[in-house]
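What the coordinates show
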Number of protein chains: 2
Amino acid sequence: MPTLRREQLSALSSGLLKAAGASDEEAEIVTRNLVKANLVGADSHGILQLISYVNGIRSGVIKPGARFEVTKESPSTALTNGNWGFGQVVCSKAMKLAISKAQKVGSAVVCVFNCNHIGRLADYTQMALESDMIGFICVNGDSAVAPYGGKKAMLSTNPLSYGIPAGKENPIILDIATAIVAEGKVRAALYKGEKLPPGWILDSSGKPSTSPADLYQPPLPPAQAKISGAIQPAAGHKGYGLGLVVAILTGALTGTLCDPEIISGLTNTVYINVIKIDEFVALQDFKNRVDRLVRTIKDSPKAEGFNEILIPGEAEVIEEEKRTKSGVTIPDFTWNALTKLCNEYGFDAEKLLDD
Amino acid sequence: MPTLRREQLSALSSGLLKAAGASDEEAEIVTRNLVKANLVGADSHGILQLISYVNGIRSGVIKPGARFEVTKESPSTALTNGNWGFGQVVCSKAMKLAISKAQKVGSAVVCVFNCNHIGRLADYTQMALESDMIGFICVNGDSAVAPYGGKKAMLSTNPLSYGIPAGKENPIILDIATAIVAEGKVRAALYKGEKLPPGWILDSSGKPSTSPADLYQPPLPPAQAKISGAIQPAAGHKGYGLGLVVAILTGALTGTLCDPEIISGLTNTVYINVIKIDEFVALQDFKNRVDRLVRTIKDSPKAEGFNEILIPGEAEVIEEEKRTKSGVTIPDFTWNALTKLCNEYGFDAEKLLDD
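These numbers were taken from a predicted model, which means no experiment stands behind them.

So, how was this worked out
Residues numbered from 1 in each chain as written. Chains lettered and ligands numbered in written order. Predicted model: local features only at pLDDT ≥ 70, side-chain atom pairs only at ≥ 80, totals over all residues. Helix = DSSP H or I, 4+ residues; strand = E, 2+ residues; numbered from the N terminus. Rg over C-alpha atoms; globule rule 2.2 N^0.38 Å. Buried ≥ 20, exposed ≤ 12 C-beta atoms within 10 Å, placed from the backbone. Contact = placed C-beta atoms within 7 Å. Least-squares fit on C-alpha atoms with pLDDT ≥ 70 in both. Pairing = 2+ DSSP bridges. Right-handed = clockwise from strand over helix to strand, strands pointing away. Domains from an automatic or database assignment. Axes fitted to C-alpha atoms, helices over the stretch in contact; angles between N-to-C directions. Parallel < 35°, antiparallel > 145°, perpendicular 65-115°, else oblique. Nonpolar A, V, L, I, M, F, W, Y, C, P; charged D, E, K, R; others polar. Arc of directions from axis to C-beta. Left-handed = near helix turned anticlockwise from the far one by under 90°. Expected span 1.5 Å × (residues − 1).

Along its length, chain A carries 10 helices and 12 strands. Scaling as 2.2 N^0.38, a compact globule of 355 residues should have a C-alpha radius of gyration of about 20 Å, and chain A matches this with 20 Å. Buried residues in chain A amount to 59% of all 355 residues. In chain A, the share of contacts with a sequence separation of at least 24, taken over all contacts with a separation of at least 6, comes to 66%.

As structure tokens, then:
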């Protein structure tokens, strides 16, 4: 299992994407999102995704050079068509549009359809908070989650993210699935041969299971095994309700797909909301209040088994510092698939490794 | 335990509020919210609240006749001051303002500070969906919930609600606490002498408990017992993260209070977001898609122990039909407190009852 530094991960990702047909700008935007995911510990959203992306380009699902198109617009809203470009490229443009609209009229909602996998959500809400705004994003995808009271996957893990700027404290970046667990964690347990905690998944017959293999169609473990069981929603009816809302904000509001209809494993449909803080309160006042709340919570008594109370996004900050020094270890399965792809483009990934 | 019909509940609520100083309009708005809560089964937000409200008027916390004031405004945002009027009156005006702004510019965010208890959230998002918009509201209040990794109450149950119109199906009205359970359900278990499921609460020393009394300061059970323990967040870090976001959207964004600082048990600070659907897609198209998703989910295979998959808000529709026929039974404790208050205003509540 090779360990790669940030620069090595970036060179691999960028090199492969450009070889497969991405422009310099597209390769840079997608690479930034994937490598950041590896650095913060979200490996399921890291360079592993290059395998799907390159296959997506080859099969015509991802269209490099696609035009980002605003199809309907009001002062504080926009509906946009990604024309099946790279999800990260499309979604970055949508977030920029939302920020610029909120800058003018105070708040904005931007939706995107015909969009591929946008990767880790936190990157987009971070764009908003770096513009001193509050950012919200949610996204749908392939069905993987049972409704509360059901036993068949009818909704995607329908994740959502909020980004909120702070002053001296780390910003708050919440990035959570409305399912009890992200699908990537079940897959990780499968590869490691570990059992799941009770209550996470149902098998294809709808029975509770602790065996990660029961979530997928055999044969296993291919990288893109299809889901035949179902993940449970977070907190029963609560996560189910939120997941259903996400399905509608992204699917029905874009006039495209709601979850059970998603057509490609790479499809994401996106809802973005941005709020300009200083239309409400002076920015510094807001940041001071966030700092005070964060500090008060972090200084409050710890539960048994906890040394620290973390703020959403803080675990990722800590992991990124660690992995920036230590590098990111890529499982052999992923590494072999990536080097094979690189070879097909006459590009020697092994050369990127340290001697 | 008397059982009252809708009209009787309304007459009691309206009579008592007017006797205590509310205008006709204020009494009507507050009464509609409280009686609806009783009818849909949310008794903790029903006419029980009149006890706090009348005491709030007497102590000067609730100010009948307060002016609803817009203190800062942009095309798609407004910061508003409730001047400590009735929460329901203030919040209805804020929702109307949000709807009218979204009507003009596509979407809107309206926040409210200096506001008292707004009651059941679903009523406000229902206003939005009845205007063919998507409504979102969240609210903070008294500290009751431990952060993930902590053992002291630092956040309120910080609930949130989404309202989404459908076509032929019931509208989707999600109304959930970001805590694992609403505080009213712990109180209900206390009154009934029941144990709680494991994982709901911590006692005042931070130890897990299944005894509802452990959430409160003795002596018990007064109607407004103070919280000394803590409720756990829903789904661990997920509910905690969402609760923290709610605290900031309502507290920091209004330049007022974040949770641990809330000054009165009646204080609510509010964040509202409204989206005009037909700025994105034709309304009928949207409703058809929502109907189809709802129908597909409801028709999907049921989990063991479930005969039906409910859509958020559907349990309330069913309960309202039932209670509209059967009437609402008011516990003796509540009834005695209410009749006592009525008597103090020379108003005989017993006369409202059927012979």
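From this point on, the discussion continues.
Frequently, the measure chosen for interface size is the accessible area removed from exposure when the parts meet. At the junction of the two partners, chain A supplies 63 residues and chain B supplies 63 residues. The set of elements that each furnish at least two residues to the side of chain A that touches chain B consists of strand E2 (69–74), strand E3 (77–81), strand E4 (107–116), strand E6 (160–164), strand E7 (172–176), helix H7 (237–250), strand E11 (267–276) and helix H8 (283–298) of chain A.

Looking now at the relation of the copies chain A and chain B. Copy one and copy two of the chain differ by a rotation about a common axis and a shift along it. Note on the copies: chain A fits chain B at an RMSD of 0.0 Å, the axial shift is 0.0 Å, and the rotation between them is 180 degrees. The superposition operator between the copies reduces to a two-fold rotation axis. Closest to the rotation axis within chain A is the C-alpha of A:Ala235, separated from it by 2.6 Å. Comparing interface residues between copies, 100% of those in chain A also sit at the interface in chain B, which points to an isologous, same-surface contact.

Here the focus is the sheet that holds strand E10 (residues 230–231) of chain A. Residues and elements named next belong to chain A. Strand order in the open sheet formed by three strands is E9-E8-E10, and the pairing between neighbours is antiparallel. What marks the edges here is a single partner per strand, and that holds for strand E9 (208–209) and E10. Examined bridge by bridge, strand E8 (residues 201–202) and E10 share two bridges and lie antiparallel to one another. Pairing of leucine 202 across the sheet is with alanine 230, part of E10.

Turning to the pairing of strand E4 (residues 107–116) of chain B, a few remarks are in order. Residue and element names in this part refer to chain B. Burial within E4 is extensive, with 10 of its 10 residues counted as buried. Across five bridges, strand E3 (residues 77–81) lies against E4 in parallel orientation. Across the sheet, the residue bridging to threonine 80 is valine 112, located in E4. This β-α-β element, E3 to helix H4 (residues 87–105) to E4, shows right-handed connectivity.

Before going further, it helps to spend a moment on the domain arrangement of chain A. Partitioning chain A into structural domains gives domain 1 (3–62 + 327–352) and domain 2 (188–231). A C-alpha centroid distance of 26 Å is found between domain 1 of chain A and domain 2 of chain A.

Here the focus is the packing of helix H2 (residues 24–40) of chain A against helix H4 (residues 87–105) of chain A. All names here are of chain A. One can describe the packing of H2 onto H4 by two numbers: an axis separation of 8 Å at closest approach and a directional angle of 90 degrees. If you check the angle between H2 and H4, you find them roughly perpendicular. The residues of H4 that touch H2, namely those facing Glu26, Ile29, Val30 and Asn33, are Gln88, Val89 and Ser92. Residues of the contact of H2 with H4, tallied by class, amount to three nonpolar, three polar and one charged.

All names here are of chain A. Counting buried residues along strand E5 (residues 133–140), eight of its eight residues qualify, which places the element largely inside the surrounding structure. Neither face of E5 is open: one carries Met133, Gly135, Ile137 and Val139, the other Ile134, Phe136, Cys138 and Asn140, and all of them are buried. When E5 meets E11, the two strands line up antiparallel, connected through eight bridges. Looking across to E11, one finds that valine 139 is bridged to valine 270.

Turning our eyes to something else, we now look at the sheet that holds strand E9 (residues 208–209) of chain B. Strand order in the open sheet made by the three strands is E9-E8-E10 (chain B), with antiparallel pairing throughout. The strands lining the two open edges of the sheet, one partner per strand, are E9 and strand E10 (230–231) of chain B.

A few words now on unusual backbone geometry. Residue and element names in this part refer to chain A. Phi is positive for tryptophan 84, which is not a glycine, with a value near 65 degrees. By the element assignment, tryptophan 84 lies in the loop between E3 and H4. Non-glycine residue alanine 235 carries a positive phi angle of around 55 degrees. Locating alanine 235 in the fold gives a position in the loop between E10 and H7.

This part covers helix H3 (residues 49–59) of chain B. Residues and elements named next belong to chain B. Looking at H3, one finds that the buried residues are Gln49, Leu50, Tyr53, Val54 and Gly56. The arc enclosing the buried residues of H3, seen along the axis, measures out at 155 degrees, which places them on a common side. Count one or two residues on from H3 and you reach glycine 60, which has phi positive near 85 degrees.

Residues and elements named next belong to chain A. At a minimum axis distance of 9 Å, the contact between helix H1 (residues 6–19) and H2 shows a crossing angle of 140 degrees. The angle between the axes of H1 and H2 places the two elements in the oblique class. Of the two possible hands of crossing, H1 and H2 adopt the one that is right-handed. Listed contacts from H2 to Arg6, Leu9, Ser10, Ser13, Ser14, Leu17 and Lys18 of H1 are Asp24, Glu26, Ala27, Glu28, Val30, Thr31, Leu34, Val35, Asn38 and Leu39. Its residues assigned to classes, the contact of H1 with H2 shows seven nonpolar, five polar and five charged.

Residues and elements named next belong to chain B. Following the sequence through the fold, cysteine 342 ends up in helix H10 (residues 332–344). Sequence separation between cysteine 342 and asparagine 38 is 304 residues, and the spatial gap between their C-alpha atoms is 19 Å. Setting aside residues up to four positions removed in sequence, cysteine 342 forms contacts with Leu16, Phe347, Asp348 and Ala349.

This part is about the environment of B:Ala188. Residues and elements named next belong to chain B. The residue alanine 188 is located in helix H6 (residues 183–192) in this model. According to the C-beta neighbour criterion, alanine 188 is partly exposed, with 15 such atoms within 10 Å. Considering only alpha carbons, one finds alanine 188 and proline 212, 24 residues apart in sequence, at a separation of 8.8 Å.

Here we take up H4(A). All names here are of chain A. When the terminal C-alpha atoms of H4 are compared, their 27 Å separation across 19 residues agrees well with the 27 Å that a helix rising 1.5 Å per residue should span. Most of H4 is tucked away, with 14 of its 19 residues classed as buried. Phi for glycine 106, located one or two positions after H4, is positive at around 105 degrees.

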